[in-house]
Amino acid sequence: MKVFTRLILVLIFLAAVLGGIFGWKYYQFQQMSAQLSQPQPPATVSATRAREASWQPSIRAVGSLTAVNGIDITTEVAGKVRALEFDSGARVSAGDTLVRLDDSIDRAALDGLVADRELARVQFERSSNLLPKRAVSQSQFDEAKAKYQAAQAQVAEQQARLAKMTITAPFDGLLGISRVDAGEYLSPGQKIVTLTTLDPIYVDYSVPERRFSELSVGQAVEVHVDAYPDRTFSGEISAIDSGVDEGTRTVDVRATLRNENRTLRPGMFASVATLEPQKRNVVTVPRTAVSTNTYGNFVFAITENGAGDLVAERRSVTTGITRNGHIEVTEGLVSGDRVVSAGLVKLRDGQRVTVDNGVSLDGEVAEQ
C-alpha cells in the first residue's frame, strides 16, 4: 500500500513539472506569434524616378590604339656609332639625321674606287679615239668600255654603302628612348630608337559578325581610355576588313582619331562605341535600381496602398543597353515611375518604405 502511494505521488510530481514546462513553452509561442503578427516597420530607402532620355544607339567594343606610322629605327650596315644626333623623346622631321656611323674605312675605299674609275675612263676614251683609226681592235674597245662601266658601278655601290652610314628619320614623328650609346658597335637590324607618328592615330577593334551590316566607312566613333577616364575622343571609321575571322566570327574595324595634343599613345587599351546614325528615346533608371535573379531583372516600384502608406512593389522589367551608370528599361516602367535606387537588399514585395531623400546615388540626389 505504501509503494502504491509513493508511485502516485511521483506521477503527480512529474505531471506538475511537465505541465509547467509545456505551459511555459506555450506562453513563449503565443508571445512570438503576437510579435510576428505586428506590422513590420517601414524600411528606409533611396528613390528616384524613371526618366525619358534621347540616346544614340551604339556598338560597344574594346580595342587598342595603333600608330599611323610606327617603326623601329635600325641600321642596314654594321658599324660603330660615331655620333648620336637626337635626344630621347624628341620630335623630328623627315630627313633629320639621327645617327652617324664611323665611315672612315668606307671613305678610303671610295677614294680608291674613284681612282680606278678615272683610270678606266681614260683607257676607254683612248680606245674610243683609236678605234676609228683601227689602232685598236673592236674587242679591245669593248673591254675598255666594260671596265669603265664596272668601275662606275663599283663607285656607285660604295657611295650607296657610305650613305647608309648616316641614318635619318624617314618621316615626321616622335622618338622614343634611345637603345644605343656613342661608340657602340651596331649589327645590321639592331634597334636604335622607335619613331612614331601620333597625329592622327588609329584605334583597331573587332565587331561581331551579326553587326556587320550596321558598319560603314565614315561612321562616327567615341573612344575612352583608362589614362583619361573623364575624356571622350571622337573619330570616324576609316577602314573595314574585307572578310570575317572564321575563328571568332568578328570583323576587324579601324577608326581614325585626331590627336593634336598627342595625349593618346599607341598600345593604349580603348573602349570604343560605334555610333548609329539615328537617336531614339528611351526610359532609363540608375543601374543600381535593377536587380537580377534566376527569373530575370526586376525593380521595386514605390506606390501607395489603401491606407496611404508607401509600399515597395516588385516589378519585372526588360532592360537594354547601359550607359554612364544608367540602364535602359524597354518594358515594365514608364517615364515618371518612382523606383527604389538604394536599399533593395532588405526589401520584400509589399513592404512599407520610407524615402530618405538625403541619400546620394550616382551623383544625383534621390527625388520625392
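Up top is the structure.
Worth saying up front: this structure is predicted, and the values here are computed from it rather than measured.

**Student:** I would appreciate a short explanation of the side chain of T263 in the present structure.
**Tutor:** Its place among the elements puts T263 in the loop between strand 13 (250-257) and strand 14 (269-275). Excluding anything up to four places from it in sequence, T263 contacts Y228, R231, F233 and M268.

**Student:** Help me understand the sheet that holds strand 4 (residues 79-84) in this model?
**Tutor:** In any sheet, the strands associate via hydrogen bonds between backbone groups, in a parallel or an antiparallel arrangement. If you trace the four strands from one edge of the open sheet to the other, you get 7-6-4-9, paired in antiparallel fashion. In this open sheet, the two strands that pair with only one neighbour each are strand 7 (166-168) and strand 9 (185-186).

**Student:** When you look at the packing of helix 2 (residues 104-130) against helix 3 (residues 138-163) in this model, what are you seeing that I'm missing?
**Tutor:** The description of two helices packed together rests on the angle between their axes and the distance between the axes. Where helix 2 contacts helix 3, the axes come no closer than 8 Å and their chain directions differ by 160 degrees. In terms of orientation, helix 2 lies roughly antiparallel with respect to helix 3. When the axes of helix 2 and helix 3 are compared, the crossing they make is left-handed. Residues of the contact of helix 2 with helix 3, tallied by class, amount to twelve nonpolar, eight polar and eight charged.

**Student:** What am I meant to see in helix 3 here?
**Tutor:** In an α-helix there are 3.6 residues to a turn, and that puts residues three or four apart on one side. Here helix 3 contains 26 residues, and its C-alpha end-to-end distance of 38 Å stays within 8% of the 38 Å for a straight helix at 1.5 Å per residue. Inspection of helix 3 places F141, A144, Y148, A151, V155, Q158 and L162 among the buried residues, and these make up the whole buried set.

The rules behind each value
Residues numbered from 1 in each chain as written. Predicted model: local features only at pLDDT ≥ 70, side-chain atom pairs only at ≥ 80, totals over all residues. Heavy atoms only, no water. Helix = DSSP H or I, 4+ residues; strand = E, 2+ residues; numbered from the N terminus. Contact = heavy atoms within 4.5 Å. Pairing = 2+ DSSP bridges. Axes fitted to C-alpha atoms, helices over the stretch in contact; angles between N-to-C directions. Parallel < 35°, antiparallel > 145°, perpendicular 65-115°, else oblique. Left-handed = near helix turned anticlockwise from the far one by under 90°. Nonpolar A, V, L, I, M, F, W, Y, C, P; charged D, E, K, R; others polar. Expected span 1.5 Å × (residues − 1). Buried < 20%, exposed > 50% of the residue type's maximum accessible area, 1.4 Å probe, protein only.

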